[in-house]
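Per-entry structural report
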Amino acid sequence: MRHNRRAWLGATAAVSAAVVSATILAGCGSDTKSDNEVHNIIYLLGDGMGRTHVTAARQRFVGANGRLNMEQLPYLGAVATYAVDPGTNQPSLVTDSASSATAWSSGVKTYNAAIGVDAYGKPVQTLMEQAKSAGFATGDVSTAEITDATPAAMFAHTLLRGCQGPTFSESSCLPKKSDGSYEAQPADKTLVTPIAEQIARNATADVIFGGGLARFEPDDQKAMQDKGYEVLGSMGDPALKAQTAESQRVPTAADLKAVRADKVIGLFNRGNLTVTQARNALPDTAPQKQEPTLADMTTKAIDLLSNRKDSKGFLLQVEGALIDKRSHANDAAQTLQEVKAFDDAVAAAMDFAKKDGHTLVIVTADHECAGFNIIEKTTFTNAEAVAPPTNIDTTNSANNSSPSRDGKDNVKDPARSSGAINGAGAADPRNFAPATFRTPDDPVEVKDGSPEASLWLTYLSGNHTGADVQIYAYGPGADVFATSQDNTALYTKMHKALLP
């Protein structure tokens with residue numbers, strides 16, 4: 001059941017007023033900027049992309065001595081990513097995408113699953129909302145559903161990231177209490193309004209590209225068109241008052257290429273966009289072949305935003321979401337292809353920034369996913385072994401661990417290691433062995449999945465880790481990111497650069 005429009009609009013008006021107030025207090029910047037100042041920010045996120053993801057993609061695609069596009073940015077730093085427990089400031093050391101995205105979009109620590117609210121469930125203004133109020137054009141691009149955590153954190157506020165739409169449900173939108181019952185609905189109904197419904201009515205982002213068409217309904221399309229958006233494809237038949245796969249029309253890369261509107265939404269899949277490796281393997285007639293790449297969407301978003309005559313500049317967020325989703329799946333081949341696709345989007349951003357001279361480009365991640373590791377060729381992991389390695393120092397008994405392990409059983413278990421998971425062991429779903437890949441440095445006859453391939457990749461788990469992530473930066477003031485920093489500091493630094 002959808003929310004009452006009048007109640008939602010009232011809540012939205014209150015939020016908008018708070019945005020304006022917060023922006024005035026923070027300072028909107030002058031109408032003219034000096035030559036060395038930032039007019040635009042392009043913030044690119046590789047979801048789940050840890051340092052090893054970058055290293056492995058480099059070795060896979062350009063060789064050990066090469067550099068990915070993101071690695072060619074001149075400033076390098078590190079970002080701490082921890083969240084906090086609900087209603088406290090107690091650190092929760094492993095974040096999810098929602099709390100991490102809220103940290104850089106609003107500058108506050110919050111609990112895992114929270115979007116645009118602090119640890120106590122109070123709405124917090126986003127950098128994109130503040131930029132829009134200050135006269136900047138805005139854009140949000142993702143290979144995930146546009147209602148997913150990372151893109152949503154720039155233009156929505158919900159107690160739970162699962163409250164995506166198209167309809168409200170307690171299980172998706174309300175946190176649970178300790179006794180298993182649901183919390184009462186908050187006074188601010190925006191916080192339990194599905195994200196799709198918020199996006200369609202708040203006009204925070206001028207340009208919106210991604211997936212997630214199934215999250216939207218015909219009245220969302222009408223709401224957006226009433227606000228001046230060009231809606232690519234169709235969100236459903238208005239006569240049905242709802243949407244189905246048959247009533248919606250998914251737009252294509254050709255629709256993206258043709259659009260010239262200042263305000264536009266294009267959702268190119270009913271769910272997440274298709275994984276790059278899978279799409280490349282499909283026949284040309286497959287509908288997934290008509291999806292744009294992340295680089296395509298980034299290029300078009302920059303083109304539309306940079307040509308706005310009525311703005312001071314622009315703020316664009318770009319997410320390579322499927323790095324994380326394929327890392328959760330422990331699929332190294334698909335993960336590497338998604339890092340490469342994301343890096344192609346970085347190249348598109350840099351092409352513009354180098355010509356423009358007033359654009360700050362930031363490339364980072366929200367967290368690391370799955371403990372991605374490069375292991376030594378011909379070796380094996382603990383997950384493949386009968387038992388862990390020795391912990392005894394035979395030359396100094398003071399260095400021994402307790403209980404002691406002599407390492408005699410630290411050998412591969414044939415039931416858990418039946419050859420490379422993309423090679424000899426590919427048919428065994430229980431196989432813990434690495435995936436092996438050839439690199440440009442390998443002899444031409446070496447194949448993926450063979451023992452001779454030099455890049456051996458494995459995973460620690462199927463979940464996020466608490467490792468710091470890398471950050472790369474280019475453009476005016478980019479040197480401030482060349483340090484170790486908390487993810488909340490990214491908000492502060494971007495705000496200062498764009499809205500001094």
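For the structure, check the block above.
Right, let's walk through the structure included here. (Residues numbered from 1 in each chain as written. Predicted model: local features only at pLDDT ≥ 70, side-chain atom pairs only at ≥ 80, totals over all residues. Heavy atoms only, no water.)

Re the nonpolar core
- Core analysis: the largest hydrophobic core is formed by 102 residues, its most contacted members being Leu44, Met70 and Phe209.
- Excluding residues within four positions of it along the chain, methionine 70 makes contact with Met49, Val54, Val339, Phe342, Asp343, Val346, Val363 and Tyr472. (Core = buried A, V, L, I, M, F, W, Y, C linked by side-chain atoms within 4.5 Å. Buried < 20%, exposed > 50% of the residue type's maximum accessible area, 1.4 Å probe, protein only. Contact = heavy atoms within 4.5 Å.)

Digging into the sheet that holds strand S13 (residues 435-437)
- Within the open sheet, the three strands sit side by side as S12-S14-S13. Their pairing is antiparallel. Only two strands of the sheet have a single neighbouring strand rather than two, namely strand S12 (373-375) and S13. The average angle at which neighbouring strand axes cross in this sheet is 35°, direction not considered.
- As defined by bridge partners, S12 adjoins strand S14 (residues 455-458) across three bridges and the pair is classed as antiparallel. Residue pairing across strands places asparagine 373 opposite threonine 458, the latter belonging to S14.
- The strands touched by helix H2 (residues 51-61) are S12, S13 and S14; relative to S12, the strand with the most contacts, the crossing angle is about 55°.
- The sheet strands contacting helix H13 (residues 332-356) are S13 and S14, and the helix crosses S13 at an angle near 50°. (Pairing = 2+ DSSP bridges. Helix = DSSP H or I, 4+ residues; strand = E, 2+ residues; numbered from the N terminus. Axes fitted to C-alpha atoms, helices over the stretch in contact; angles between N-to-C directions.)

Some remarks on H13
- Here H13 is 25 residues long and its end C-alpha atoms lie 36 Å apart, about the 36 Å a rise of 1.5 Å per residue gives.
- Buried residues dominate H13, accounting for 18 of its 25 residues.
- Here H13 starts with a cap whose side-chain oxygen sits 3.3 Å from the backbone nitrogen of alanine 333, and that cap is aspartate 331.
- With its phi angle positive at about 85°, glycine 357 sits one or two positions after the end of H13. (Expected span 1.5 Å × (residues − 1). Polar contact = N/O pair within 3.5 Å; in protein donor to acceptor, adjacent residues only side chain to side chain.)

Section: empty space enclosed by the protein
- All told, the structure shown has one cavity of 30 Å³ or more when counted by the stated rule.
- The calculated volume of the largest cavity comes to roughly 90 Å³.
- With three residues, the single largest contributor to the lining of the largest cavity is H13.
- Classifying every residue of the lining of the largest cavity gives eight nonpolar, five polar and two charged. (1 Å grid on protein atoms, 1.4 Å probe; cavity = no way out; pocket = protein on both sides within 12 Å on 5 of 7 lines; lining within 4 Å. Points joined across faces, edges and corners; volume = space filled by probe spheres on them. Nonpolar A, V, L, I, M, F, W, Y, C, P; charged D, E, K, R; others polar.)

Concerning the state of the cysteines
- As enumerated under the stated definition, the model contains one disulfide in all.
- Each sulfur of the disulfide joining cysteine 163 and cysteine 173 lies 2.0 Å from the other. Taking the sign of the torsion about the S-S bond as the criterion, the disulfide between cysteine 163 and cysteine 173, at about 85°, is right-handed. Of this pair, cysteine 163 sits in the loop between helix H5 (149-152) and helix H6 (170-173) while cysteine 173 sits in helix H6, placing them ten residues apart in sequence. In this pair, the class of cysteine 163 matches that of cysteine 173, namely buried. (Disulfide = S-S within 2.5 Å.)

A closer look at unusual backbone geometry
- Cis geometry marks the peptide bond from glycine 165 to proline 166, where omega comes out at 10°.
- Assignment of secondary structure puts proline 166 in the loop between H5 and H6.
- At the junction of serine 402 and proline 403, the peptide bond is cis and its omega measures out at -5° in the coordinates.
- Examined against the element boundaries, proline 403 turns out to sit in the loop between S12 and S13.

Examining the packing of helix H3 (residues 97-106) against helix H14 (residues 487-498)
- Contact pair H3 / H14: the axes reach a minimum separation of 6 Å and the direction vectors enclose 30°. In this view, H3 runs roughly parallel relative to H14, as classed from their interaxial angle. Taking contact as the criterion, the partners of Ser100, Ala103, Trp104, Ser105 and Ser106 in H3 are, on H14, Asn487, Thr488, Leu490, Tyr491 and Met494.
- Looking at the contact of H3 with H14, its residues break down into five nonpolar, five polar and no charged. (Parallel < 35°, antiparallel > 145°, perpendicular 65-115°, else oblique.)

Quick word on a nonpolar patch on the surface
- Residues Tyr82, Leu93 and Val94 make up a contiguous nonpolar surface patch of about 260 Å² in total accessible area.
- Accessibility expressed as a relative area gives 61% for leucine 93, which makes it exposed. (Patch = residues over 30% accessible without salt bridge, like charges linked within 9 Å, V, L, I, M, F, W, Y side chains within 5 Å. Areas by Shrake-Rupley, 256 points an atom, 1.4 Å probe, with all protein chains shown as cover. Salt bridge = Lys/Arg side-chain N within 4 Å of Asp/Glu carboxyl O.)

Regarding the packing of aromatic side chains
- Taken as a whole and assessed by the stated rule, the structure comprises four aromatic pairs.
- Ring geometry for phenylalanine 209 and phenylalanine 268: centres 6.2 Å apart, planes at 50°, overall tilted. Residue phenylalanine 209 is located in strand S6 (residues 207-211), and its partner phenylalanine 268 is located in the loop between strand S8 (264-267) and helix H10 (276-281); the two are separated by 59 residues in the primary sequence.
- What makes phenylalanine 268 buried here is its relative accessible area of 1%. (Phe/Tyr/Trp six-rings, centres within 6.5 Å; stacked < 30°, edge-to-face > 60°.)

Here we look at the packing of helix H11 (residues 294-306) against H13
- Contact pair H11 / H13: the axes reach a minimum separation of 8 Å and the direction vectors enclose 25°. In this view, H11 runs roughly parallel relative to H13, as classed from their interaxial angle. H11 and H13 meet at a crossing whose hand is right-handed. Taken together, the residues of H13 that come into contact with H11 (itself represented by Leu294, Ala295, Thr298, Thr299, Ile302 and Ser306) are Ala341, Phe342, Asp344, Ala345, Ala348, Ala349 and Phe352.
- Here the contact of H11 with H13 is composed, by residue class, of nine nonpolar, three polar and one charged. (Left-handed = near helix turned anticlockwise from the far one by under 90°.)

Observations regarding the sheet that holds strand S1 (residues 40-46)
- Taken in spatial order, the ten strands of this open sheet run S7-S8-S6-S5-S9-S1-S10-S16-S2-S17, and their pairing is mixed. This sheet does not close on itself; its edge strands, each paired only once, are strand S7 (230-231) and strand S17 (484-486).

A word on the side chain of aspartate 47
- Following the sequence through the fold, aspartate 47 ends up in the loop between S1 and H2.
- For aspartate 47, which is buried and forms no salt bridge, the nearest opposite charge comes from lysine 325, at a distance of 6.4 Å.
- One polar contact links aspartate 47 to threonine 150, side chain to side chain, over a distance of 3.2 Å.
- The contacts of aspartate 47, once residues within four sequence positions are left out, are Ser97, Thr150, Glu319, Gly320, Ala321, Ile323, Asp324, Asp366 and His367. (Lys, Arg positive; Asp, Glu negative; His and termini not counted.)

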